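Here's the letter readout for the chains.
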Amino acid sequence: MTTALAAPAATPGRAKSLPGGRILLGAAVPLLILGLWWLVTGPLNLFTPTQLPAPQRVLDAGLGLLEDGALYAHVGISVQRVLFGFLLGAITGLLLGSLLGLSRLADGLLHPTVGAFRAVPSLAWVPLILLWVGIGEDGKVLLIAIGAFFPVFTSVHSALRHVDPHLVEAGRAFGYHGTRLLTTVQLPAVVPPVFSGLRLALAQSWLFLVAAELLASSEGLGFLLIESQNNGRVDRLLLAIVLLAILGKTTDALLGIIERKALKTWA
Amino acid sequence: MTSAPAVDRRQYAAASTQSVVPPESVAAESLSVTFNDVGRAFDGRTVLRNVSLTVTPGEVVAILGSSGCGKSTLLRAVGGLDEGFTGDIVIGDSPVTRYDERTAVGFQEPRLLPWRSIRKNVELGLPRDLSKSEGQSRVDELLELVGLAERAHLRPREISGGMAQRASLARALARQPGVLLLDEPFGALDALTRLKMQDLLLDVHAKTGTTVLLVTHDVNEALQLADRILLLGGRGTATAEGATVKSLVSVPGIRPRDRAATDLAQLRSELYAGLGVSSR
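Conventions used here
Residues numbered from 1 in each chain as written. Chains lettered and ligands numbered in written order. Predicted model: local features only at pLDDT ≥ 70, side-chain atom pairs only at ≥ 80, totals over all residues. Heavy atoms only, no water. Axes fitted to C-alpha atoms, helices over the stretch in contact; angles between N-to-C directions. Helix = DSSP H or I, 4+ residues; strand = E, 2+ residues; numbered from the N terminus. Parallel < 35°, antiparallel > 145°, perpendicular 65-115°, else oblique. Left-handed = near helix turned anticlockwise from the far one by under 90°. Contact = heavy atoms within 4.5 Å. Nonpolar A, V, L, I, M, F, W, Y, C, P; charged D, E, K, R; others polar. 1 Å grid on protein atoms, 1.4 Å probe; cavity = no way out; pocket = protein on both sides within 12 Å on 5 of 7 lines; lining within 4 Å. Points joined across faces, edges and corners; volume = space filled by probe spheres on them. Buried < 20%, exposed > 50% of the residue type's maximum accessible area, 1.4 Å probe, protein only. Arc of directions from axis to C-beta. Pairing = 2+ DSSP bridges.

A few words now on the packing of helix α10 (residues 191-215) of chain A against helix α11 (residues 221-231) of chain A. All names here are of chain A. Closest axis-to-axis distance for the α10/α11 pair is 7 Å, and the angle between their directions is 50 degrees. Put simply, α10 runs oblique to α11. As α10 packs across α11, the resulting crossing turns out to be right-handed. Taking contact as the criterion, the partners of V210, E213 and L214 in α10 are, on α11, L221, G222, F223, L225 and I226. Looking at side-chain class alone, the contact of α10 with α11 contains six nonpolar, one polar and one charged residues.

Moving on: the layout of surface pockets. Residues and elements named next belong to chain A. Volume-wise, the largest pocket comes out at about 530 Å³. Lining the largest pocket are 18 residues, and of these L34, W37, V242, L243 and I246 lie nearest its centre. At the level of secondary structure, the elements contributing two or more residues to the lining of the largest pocket comprise α2 (21-41), α3 (55-67) and α12 (234-266). Tallied by class, the residues present in the lining of the largest pocket amount to 17 nonpolar, one polar and no charged. A volume near 400 Å³ is recorded for the second largest pocket.

A few words on helix α8 (residues 265-274) of chain B. All names here are of chain B. Buried within α8 we find L267, R268, L271, Y272 and G274. What you see down the axis of α8 is that its buried residues fit within an arc of 155 degrees, all on one side. More than 90 degrees from the buried face of α8, the exposed residues found are Q266 and A273. In this structure, the buried residues of α8 make contact with β3 (60-64), α7 (219-225), β9 (228-233) and β10 (244-250). G276 occupies a position one or two residues after α8 and carries a positive phi of about 80 degrees.

Residues and elements named next belong to chain B. With mixed pairing, the six strands of this open sheet are ordered in space as β6-β7-β8-β3-β9-β10. Two strands close off the open sheet at either side, each with one partner strand: β6 (103-106) and β10. Within this sheet the neighbouring strands show an average axis-to-axis angle of 20 degrees, counted without direction. Packed onto the sheet, helix α5 (residues 161-173) meets β6 and β7 (179-183) and runs at close to 155 degrees relative to β7.

Taken by themselves, the reported measurements are silent on function.
Below, the structure written as structure tokens:
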């Protein structure tokens, strides 16, 4: 009998020749943009500071806010809201997606309703949330959770519907059913698609955070945006946007690391 | 059709006579299977009808028939994977139950969980009431038996199709089934690997003594492995009224049989004729 070692051994030669090469490659365009930005605001002087302040001034604005502790508070509360909202939405999505994905009865009963709710553009809930919950912390977290819920729900639901029926039958034939079948066969099988859903949900969470904070808030990055707009502080406005980009990318990368670990174990 | 070199066979014969005493933990209490007027229809279309026979404990019965004749359907019914049949199937002294614990199925595809190592896949077949240490030593023995001890840490995608089927066989044996149900388990393998798997199955049967029901469309495989061959088919070539027992024949000779034996030629051509194929 021959050994068919089909495991892809990657391409060691190329991977070793460029340590961190991909990071350098990915950083090229942002650095280029930064250079252009500096060029058109500084030496070329094409824009007034109220139109487009220089990178240095944005950095100064950040350092200024850092000194009086305001930046820390803005970032902290925004991250907290995203985290809570994402967790609430993702957990609800996992539970409801599992229920509808596994039970034909629950699917028949609830899927049309969930589908109808999904058809409502999520921001349309804002006025209702304002009236019912108020736009305090609870309202914001709820809005973010709504944004995070649907990608997770959809991915779990459809992945569970498409688990290889052969594997499920084999599991049943060896005496697995109910929760044991779920944790032994069905959940591990859906790990890869569920992670795509989770990453989409995280991006949605940041989107809905800004929406919630733009509407009504006294702190947070969305508040910093709207306040800077009102005060004509374009430097702070750009700062908030850059921070959102960095935070969004960082949280996505963290989730990506967890995803890679999970895929190594489950796929 | 294929035939193995005679040298190979003699070696194997020697190997399996040496191990007459079954090791404690892979030995099973083999059970009888009684079919009483079993039939099955899907959406009003009859696939199987009036199947009656008794398989004695420890016997190897091959279920032979052309594709779509209901061989697998019959096997699934014994395993409790299908409850839509009519008539009675009795295992030992009680009727078959849903996902019957007294049986174990070796599917046509290995159906291993791709995210688990071979060892963890074999563990899947262990009965739940077994202690952890007992389970581990049984898995060790089975991996040894199917020759996968060295590769137990690998994932299913890292091994060949033949090895995957051996892992699947070990998983089925892990619950010490009273009846082992094999659904064309070697059908997707290449000819040479298939012969080796047949020898392995005989070895396993010699060691465990379990009753084996083997679905196959390979006449030579049936002749090589079975005590008796159940030929399923319809009247003539039309199967509109469903397949039933066309013939039930005992295979002469003691296993392991010589693959090149001439005394089976008559039976072989009869079976081919029964399948509607000319053996010439």
